[in-house]
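Notes for the structure review
Here's the letter readout for the chains.
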Amino acid sequence: MTNEFVKVANHEASGFTKEEQGRWTESYEFVFVADPQPGLIHQYDGGDGSLWDEEVKNIQEAALAINKMQPKPKFLVIGGDILNAFPGTPYRSEQLRDLRVAFSQLNTSIPIFAVSGNHDLGQKPTLETMEMYRRDFGDEYYTFWYGGIFYIVINTQCIISPDGTENLYETQKAWLEEQLKIALSSSCKHVVLFMHIPLFVKNPEEEDTGYAIPMKHRFKLMEQFADAGIEKVFSGHYHRNAGGFWTRTNPDGSLSKVEVVASSSIGKQIGNQGDKAGIRIVKVSENEITHHYYAIRDIP
Ligand SMILES: [Fe+2]
């Protein structure tokens, strides 16, 4: 038996509902990988994106190292730009095939959750490209529970580029509000959110760069996340490690703090800050969530 992505329908991950996974038992770890994007390295080297040996090798090496981790991580999340070829363009299905094979080497006890990225949905998603994504991966915004922690996955492309998908932006927005109410009213230990495009890359006040959620949405989302008690938001898209904290003093004097984590790619590194292709290991304990990025050959 080989590993496959978790099935998602009706905006819930099958096997990971509150009934099945809503109860806290013990601390655990999970793995976050961003932007596998097979073909991007070839494109940066001047090619047409038709070769992806290096990305596949990275995933295979990481999968083998993750399988040896002690304790074994409970699940793995791919934070978007799972593929490089946009929907309906050459090499898409071949990339998907090879990527599935590479991730299938992960031990079957480690479920794989998908987050949609701009390359997966299209820069300007349409009903057609959304349908293509959903055929391959299922719903692109959904929730899952694991060991008493509530996880929310959202589609950032319909926030950045809402035209062309009818009212998907509004539908997700209403759904997200519902999930944030659930987050607040449930007795979960933590709430964690995954979104491909980070809220910001260096500081919450930064101007719009194309690498982060535009300001017109950013502050509203951070307020909403803080209201719901979300502590960590994991993203990719930036192809280098970045992020920071957004804090707010509440009327009662308490502090709300949301950490935005932009995690580097398991494939192509962009910029020259010296990150290496790798994975992020997230430790979840009763009182806190901590995380650390490891280059593939340094995976503990
Ligand atoms: Fe991206």
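Basis of the calculations
- Residues numbered from 1 in each chain as written.
- Predicted model: local features only at pLDDT ≥ 70, side-chain atom pairs only at ≥ 80, totals over all residues.
- Heavy atoms only, no water.
- Salt bridge = Lys/Arg side-chain N within 4 Å of Asp/Glu carboxyl O.
- Helix = DSSP H or I, 4+ residues; strand = E, 2+ residues; numbered from the N terminus.
- Buried < 20%, exposed > 50% of the residue type's maximum accessible area, 1.4 Å probe, protein only.
- Donors = N, O, S within 2.8 Å, 3.2 Å for Na, K, Ca; no water.
- Tetrahedral: all angles 85-135°; square planar, octahedral: opposite > 155°, others 65-115°.
- Arc of directions from axis to C-beta.
- Contact = heavy atoms within 4.5 Å.
- 1 Å grid on protein atoms, 1.4 Å probe; cavity = no way out; pocket = protein on both sides within 12 Å on 5 of 7 lines; lining within 4 Å.
- Points joined across faces, edges and corners; volume = space filled by probe spheres on them.
- Nonpolar A, V, L, I, M, F, W, Y, C, P; charged D, E, K, R; others polar.
- Pairing = 2+ DSSP bridges.

What about the pattern of salt bridges?
- Tallying each qualifying case throughout the model produces eleven salt bridges.
- For Lys283, the salt bridge goes to Glu29, with nearest N and O atoms at 3.8 Å. Taken together, the residues Lys283 in strand β12 (residues 278-284) and Glu29 in strand β3 (residues 28-33) connect sequence positions 254 residues apart.
- By relative accessible area, which is 44% here, Lys283 ends up partly exposed.
- For the salt bridge of Glu223 with Arg248, the shortest nitrogen-to-oxygen distance reads 2.7 Å.

Considering the coordination of the iron ion
- Protein-derived coordination of the iron ion comes from Asp81 (OD), Asn118 (OD1), His196 (NE2) and His237 (ND1), at a distance range of 2.0 to 2.3 Å.
- In this structure, the iron ion is surrounded by four donor atoms whose angles at the metal cover 87 to 167 degrees, and the resulting shape is irregular.
- Every donor residue of the iron ion comes from the same chain, spaced as D-x36-N-x77-H-x40-H. Taken together, the residues span a long stretch of sequence, with His196 in the loop between β8 (191-195) and α9 (215-227) and His237 in the loop between β9 (230-235) and β10 (242-249) at a distance of 41 residues.
- Owing to a relative accessible area of 0%, His196 belongs among the buried residues under this scheme.

Notes on helix α6 (residues 127-137)
- Residues of α6 that are buried include every one of Thr129, Met130, Tyr133 and Phe137, and no others. The buried residues of α6 occupy an angular sector of 100 degrees when projected down its axis, which confines them to one face. Exposed residues on α6 whose side chains face more than 90 degrees from its buried face are Glu128 and Arg135.
- On the buried face of α6, the contacting elements are β1 (8-9), α4 (92-103), β5 (112-114), α5 (118-121) and α8 (168-185).
- Gly138 sits one or two residues past α6 and shows a positive phi near 90 degrees.

Re the layout of surface pockets
- A volume near 290 Å³ is recorded for the largest pocket.
- Taken together, 14 residues line the largest pocket, and the ones lying closest to its centre are Asn58, Lys276, Ala277, Ile296 and Arg297.
- By residue number, the principal contributor to the lining of the largest pocket is helix α3 (residues 53-68), which donates four residues.
- Here the residues of the lining of the largest pocket sort into four nonpolar, three polar and seven charged.

Details of the pairing of strand β11 (residues 255-262)
- Counting buried residues along β11, six of its eight residues qualify, which places the element largely inside the surrounding structure.
- Pairing geometry for β9 and β11, over four bridges, is parallel. Bridge assignment links Lys232 to a residue of β11, and that residue is Glu259.
- Hairpin geometry of β10 and β11 is characterised by an intervening segment of five residues between the two adjacent antiparallel strands and by a positive phi of about 90 degrees at Gly253.

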